[in-house]
Amino acid sequence: MKIKADMHNHFSTLENIGENIFDRAMDVAQKNLDAGGLFGVINAQDKGIGRYETFLKQGGKNAEDLGNAFYVPNKNIYVIKGQEVFSEKGHILVLGLNKGVRLQDYRTLEDSFKEAKDNNGIIVLDHPCFLDGVITENPENYLEYFKNNNVDGTEVHNGEAWLPVRGCIFKNANKKIQELFYNQIINKFDIGAISTSDGHSVREIGMNYTLLEQPDFSNPEKLIESLRKSIREHKDFSQDKQTNAYLDALNHSVKVAGLRIASKLGLIGRIN
């Protein structure tokens, strides 16, 4: 059985996702992902308990905690925990981490892979040809990182990975990774392709999704095993939903630019 999965969502640029967004997010997920759908809530440099943990707490008795994911019976929607890890050589998306687990940022990419594996995380290259992507940061040797079973999947479409500026190195980032996937990756490595929203607002949940074989949610270990298998086997993304969130991406980009300026001025901590 196939399900619709949008495994990369942050809700906001900052860790503060807002109060009482749970019901609204579930309504959007149910509408866009249908029954049995799955979406990821992804921590990213979160200093508090984490936006996934905050979201789970907001769900209260409506959320059945599975350890590294939770289920909302009245909506028939699953939510999985993840973290976007900021390594020294690009970002990686790690799915299926247990509640409360936090991986370190700003390590070497090799060390980030190792820590993700040590925590039995599913490793995906997110926006790999866009800003802070692993392929962008390693244009000469990125194929080395696909060896040794380091990567389970790569985003071939990210709803916020676009820039229409002529001559910009990030222009057509999604098209570039799709071409690389078909020309250099698909026949050499056991790696799957996923489409995600990378949403920084509730309304973006399910704007993009991947049609995956339904994972086994009976326990945390089986979820990781079955979801990893489903991602690795997903190589034909022609039926996935792929759209661009133009206004939301611009809003997020402006906020990130402000944060990076504040970081360089020493007003806040490091932002990549």
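The structure this text deals with has already been given above.
These remarks concern the structure in this document. (Residues numbered from 1 in each chain as written. Predicted model: local features only at pLDDT ≥ 70, side-chain atom pairs only at ≥ 80, totals over all residues. Heavy atoms only, no water.)

A few words now on the pairing of strand E5 (residues 77-87). With eleven of eleven residues buried, E5 is to be regarded as a mostly interior element. Here E5 shows no split at all, with Ile77, Val79, Lys81, Gln83, Val85 and Ser87 on one side and Tyr78, Ile80, Gly82, Glu84 and Phe86 on the other all buried. In terms of strand pairing, strand E2 (residues 37-43) meets E5 through seven bridges, oriented parallel. Its bridge partner being in E5, Val41 is matched across the sheet by Lys81. Bridge count for strand E4 (residues 69-72) against E5 is four bridges, and the pairing is antiparallel. Within E5, the residue paired with Val72 across the bridge is Ile77. Taking the residues between adjacent antiparallel strands as the criterion, E4 and E5 are bridged by four residues, where Asn76 takes a positive phi near 55 degrees. Relative to strand E6 (residues 90-95), E5 runs antiparallel, the two sharing six bridges. Of the residues in E6, the one forming a bridge with Phe86 is His91. Counting the residues between successive antiparallel strands, the hairpin from E5 to E6 contains two residues. (Buried < 20%, exposed > 50% of the residue type's maximum accessible area, 1.4 Å probe, protein only. Helix = DSSP H or I, 4+ residues; strand = E, 2+ residues; numbered from the N terminus. Pairing = 2+ DSSP bridges.)

Per the stated rule, a full pass over the model turns up 13 salt bridges. Taking the shortest distance from any N to any O, the salt bridge between Asp65 and Lys99 comes out at 2.6 Å. With Asp65 in strand E3 (residues 64-65) and Lys99 in the loop between E6 and helix H3 (109-118), this residue pair connects regions lying 34 residues apart in the sequence. Among the residues examined, Lys99 registers a relative accessible area of 43% and is labelled partly exposed. Between Arg232 and Asp190 there is a salt bridge, with the nearest N and O atoms lying 3.4 Å from each other. (Salt bridge = Lys/Arg side-chain N within 4 Å of Asp/Glu carboxyl O.)

Enumeration according to the criterion identifies 15 aromatic pairs in this entry. Their ring planes at 80 degrees and their centres at 6.3 Å tell us that Tyr142 and Phe146 sit as a pair that is edge-to-face. Each member of the pair, Tyr142 together with Phe146, is buried. Taking the centre distance of 6.1 Å and the plane angle of 70 degrees together, the rings of Phe181 and Tyr182 count as edge-to-face. Residue Phe181 is classed as buried on the basis of its relative accessible area of 0%. Note on Tyr182: relative accessible area 40%, which makes it partly exposed. Through a chain of ring-to-ring contacts, the aromatic side chains of Phe11, Phe22, Phe39, Tyr52, Phe55 and Phe70 assemble into a single cluster. (Phe/Tyr/Trp six-rings, centres within 6.5 Å; stacked < 30°, edge-to-face > 60°.)

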